[in-house]
Every structure is written in C-alpha cells, then in structure tokens.
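Architecture at a glance
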Amino acid sequence: EAGVTQSPTHLIKTRGQQATLRCSPISGHTSVYWYQQALGLGLQFLLWYDEGEERNRGNFPPRFSGRQFPNYSSELNVNALELEDSALYLCASSLGVADTQYFGPGTRLTVL
Amino acid sequence: GNSVTQMEGPVTLSEEAFLTINCTYTATGYPSLFWYVQYPGEGLQLLLKATKADDKGSNKGFEATYRKETTSFHLEKGSVQVSDSAVYFCALSDETDSSYKLIFGSGTRLLVRP
C-alpha cells in the first residue's frame, strides 16, 4: 500500500513569489495535516483538513492557506514568500479524526 | 498549553549499547503519545505509540511506556545498531480547541558508532 506522497521534493523560490505544495494521503484516509519543520523552530502544526473542510490552523499568518480536494489530496499555498518560510513542509494523513498520523517525505522549500 | 520536553542531543553511543531518550509531557486530559523517527533527508516515520496510561508501545526493538504518574514516555532500546542513527521525536496528540494536531518535542539526534 502506498504511503503519503508529496510533490515536489524540492522547491526554490524568491522573496515575494508564491509556492504550491501538494500531498496525496494514504488511500482511505480522509484527514490531512500540514506541518512546518524550520531550522531551530522544530515541528509546528500549520493546517488540518478533514472531509474537504479546513478544521483548524496553527499560529501562522493568512498567507499560508490550502485546500482539500474531493479525492482527499491537499494543496498548501504560501503567498508573498519570506526568507523565513524556508523549511521542510511535511504532510500527514490519518484514517479519521484523532487517528494515528502517517507522514510523507516532505517538500523542502528554499526562499532566496 | 500542552507541551513535550525531550533530552538535548546529540546522543552518541557505540553499537550494542543501551539507549534511553527521555521524554516528559504536560497535558490536560489523556493524550496519546508517540515516538517518530526521522532518518537523514527523509520525513517522519511512526516508531511506536501508546494511547493510555501504562500502555507499552514497541517496535523494532524499541519500547516506551506511558507513565501518567511521572508524565513521561521514555524511549529505550537494549542494543542499538549503526542503522538506528537518526533524529527521534516524542509527540502527543493535542485535542484541545477541537484540534487533533501533534505537538512535538525538539527532537534528539542519535549517533551510533561501529
């Protein structure tokens, strides 16, 4: 069974640009979570989607947004990129609310 | 708010040594507890979990027991291998404000030398 997949693996952007990151959950999983792993800041919760709806978001500005599609895949958009947005972005999926989260390999975003 | 505290790394051990990585937590309610492992250049892999007090999670020779009285979930392995070199994250499920996000510790890097 395929695990959580993320694309692209690496993404290089310049300040002010927009970035789009994609995530496909494990088949049958309906919840998708996004986390940011920035150097020195550890792993921080960004967004949670379940059944196509945004259910909760972490302490991040509104330029971090996303959506979940009918097939439960998800997209994270980061607008007006800043240097400090450089990080590994991890997506996780779970079978349902409150179930164990399984992570993808991540997308490394570099903002120059 | 809820939080997780892990011992600072790096932890350097020789192959076949005994491993302990300390993890303590602060939480309201009864969260589930997890250990995830991150190998170089990769995402997180679930190593083990425990969902209630006194539960023991185990996998690949690693184990951890959910201790409510000491609010701890220490990771142990009796004999480490070079291939265990990675960063280990302790986490709890935070179900406050209708969220089910994970709260992570800062991670502990383990280096096992042959």
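Calculation criteria
- Residues numbered from 1 in each chain as written.
- Chains lettered and ligands numbered in written order.
- Predicted model: local features only at pLDDT ≥ 70, side-chain atom pairs only at ≥ 80, totals over all residues.
- Heavy atoms only, no water.
- Helix = DSSP H or I, 4+ residues; strand = E, 2+ residues; numbered from the N terminus.
- Contact = heavy atoms within 4.5 Å.
- Polar contact = N/O pair within 3.5 Å; in protein donor to acceptor, adjacent residues only side chain to side chain.
- Pairing = 2+ DSSP bridges.
- Axes fitted to C-alpha atoms, helices over the stretch in contact; angles between N-to-C directions.
- Core = buried A, V, L, I, M, F, W, Y, C linked by side-chain atoms within 4.5 Å.
- Buried < 20%, exposed > 50% of the residue type's maximum accessible area, 1.4 Å probe, protein only.

**Let's talk about the environment of E51(A)**
Residue and element names in this part refer to chain A. Residue placement: E51 occurs in the loop between strand 5 (42–50) and strand 6 (53–57). As a C-alpha pair, E51 and C23 span 28 residues in sequence and 15 Å in three-dimensional space. Apart from residues no more than four positions distant in its own chain, E51 is found in contact with T30, Q68 and Y72. Only 3.3 Å separates the side chain of E51 from the side chain of Y72, close enough to count as a polar contact.

**Observations regarding the side chain of K101(B)**
Along the chain, the position of K101(B) falls in strand 11 (residues 101–104). Once residues lying within four places of it in the same chain are set aside, the contact partners of K101(B) are Y33(A), Y35(A), F45(A), Q101(A), L92(B), S93(B) and D94(B).

**Description of the sheet that holds strand 3 (residues 19–21) of chain B**
Residue and element names in this part refer to chain B. Reading across from one edge, 3-9-8-7 is the order of the four strands in this open sheet, with antiparallel pairing throughout. The two strands at the open ends of the sheet, each matched to only one other strand, are strand 3 and strand 7 (56–59). Direction aside, the axes of adjacent strands within the sheet are offset by 15° on average. When strand 3 meets strand 9 (residues 75–77), the two strands line up antiparallel, connected through three bridges. For I21, the partnering residue across the bridge sits in strand 9 and is L75.

**A word on the nonpolar core**
Ranked by internal contacts, the top residues of the largest apolar core, which has 27 residues, are L19(B), W35(B), L48(B), F73(B), L75(B) and Y88(B). Those elements that provide at least two residues to this core are strand 2 (11–14), strand 3, strand 4 (23–26), strand 5 (33–38), strand 6 (44–50), strand 8 (62–65), strand 10 (86–94) and strand 12 (108–113) of chain B. In terms of residue count, the dominant contributor to this core is strand 10 of chain B (four residues). For L48(B), the contacting residues outside a window of four places in its chain are L33(B), F34(B), W35(B), G57(B), S58(B), N59(B), F62(B), E63(B), A64(B), F73(B) and L75(B). Counting residues in hydrophobic clusters, the runner-up holds 22 residues, among them L21(A), I26(A), L46(A) and C91(A).

On their own, these measurements won't tell you what the molecule is for.
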